[in-house]
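# Examining the three-dimensional arrangement
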Amino acid sequence: MINVINKWLLSIVVLMMISCEDEYFPSTKIYEKQLVVESYLELSNDVIPPYCILTYSLPFNNDLGPDVINNIYVRGAQVAVIQGTDKVILQEFCLKDIQEPFRTELIRQFGFNPDSVLTDFCAYIDISREINLQAGRQYTLEIISNGDTTIANAEMPFTIL
């Protein structure tokens with residue numbers, strides 16, 4: 001009986017070892033750069049203004065460095081938030097375009113040391129707070145970049161108490 005159990009255990013161990021797979025490295029030949037969107041709308045009293053960060057995707061085995069990071073941010077796009085018939089164009093802001101001491105203070109508010117930020121971070125922001133955020137309403141994010149249009153829809157949820 002014990003001999004049969006040992007054979008089964010040995011068979012299972014052998015099958016597990018045979019079933020191991022080789023490590024997979026994707027080919028960079030099939031990589032196609034894509035737009036990556038991070039957008040933020042929040043209905044609250046102490047809220048940062050609505051913003052959108054646009055970057056490009058990177059290949060799996062890409063080396064990272066300050067030059068690569070600076071080149072993934074999308075500049076010159078037209079980003080708008082639409083609610084009903086109202087359309088608000090978000091303004092593009094890059095860290096290099098913001099004058100001191102406001103630039104240093106902005107970096108500190110995001111929790112970073114201003115001396116260690118080497119990236120020219122860019123975002124599209126509703127700095128004048130024109131977007132009228134209300135619970136239960138539909139909002140559309142429209143991005144026009146390099147001749148392509150990307151559209152996303154979202155609904156502002158109701159507050160749960």
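Now for a quick tour of the structure. Note that the coordinates shown come from a computational prediction; the quantities given were computed from them, not determined experimentally.

## Some remarks on the sheet that holds strand β7 (residues 148–155)
- Spatial strand order, β1-β2-β5-β4-β3-β6-β7: seven strands in an open sheet with antiparallel pairing. Edge positions in the sheet fall to β1 (35–40) and β7, since each has one partner strand and no second. The average undirected angle you get between the axes of adjacent strands in this sheet is 25°.
- Sheet topology places strand β3 (residues 78–83) next to strand β6 (residues 138–145); five bridges connect them, and they run antiparallel. Across the sheet, residue V79 finds its bridge partner in β6, namely I143.

## With respect to unusual backbone geometry
- A cis amide bond links E100 to the next residue, P101, at an omega of 0°.
- Tracing the backbone through its elements, the reader meets P101 in the loop between β4 (86–94) and α3 (102–109).
- Its identity is not glycine, yet R129 carries a phi of approximately 55°, on the positive side.
- Among the structural elements, R129 can be located in the loop between β5 (122–125) and β6.
- The phi dihedral of N146 is positive, around 55°, even though this residue is not glycine.
- Of note, N146 is situated in the loop between β6 and β7.

## Some words on the environment of N113
- Position of N113 relative to the elements: it lies in the loop between α3 and β5.
- Within polar-contact distance, the side chain of N113 engages the backbone nitrogen of D115 at 3.0 Å.

Parameters and conventions
- Residues numbered from 1 in each chain as written.
- Predicted model: local features only at pLDDT ≥ 70, side-chain atom pairs only at ≥ 80, totals over all residues.
- Heavy atoms only, no water.
- Pairing = 2+ DSSP bridges.
- Helix = DSSP H or I, 4+ residues; strand = E, 2+ residues; numbered from the N terminus.
- Axes fitted to C-alpha atoms, helices over the stretch in contact; angles between N-to-C directions.
- Polar contact = N/O pair within 3.5 Å; in protein donor to acceptor, adjacent residues only side chain to side chain.

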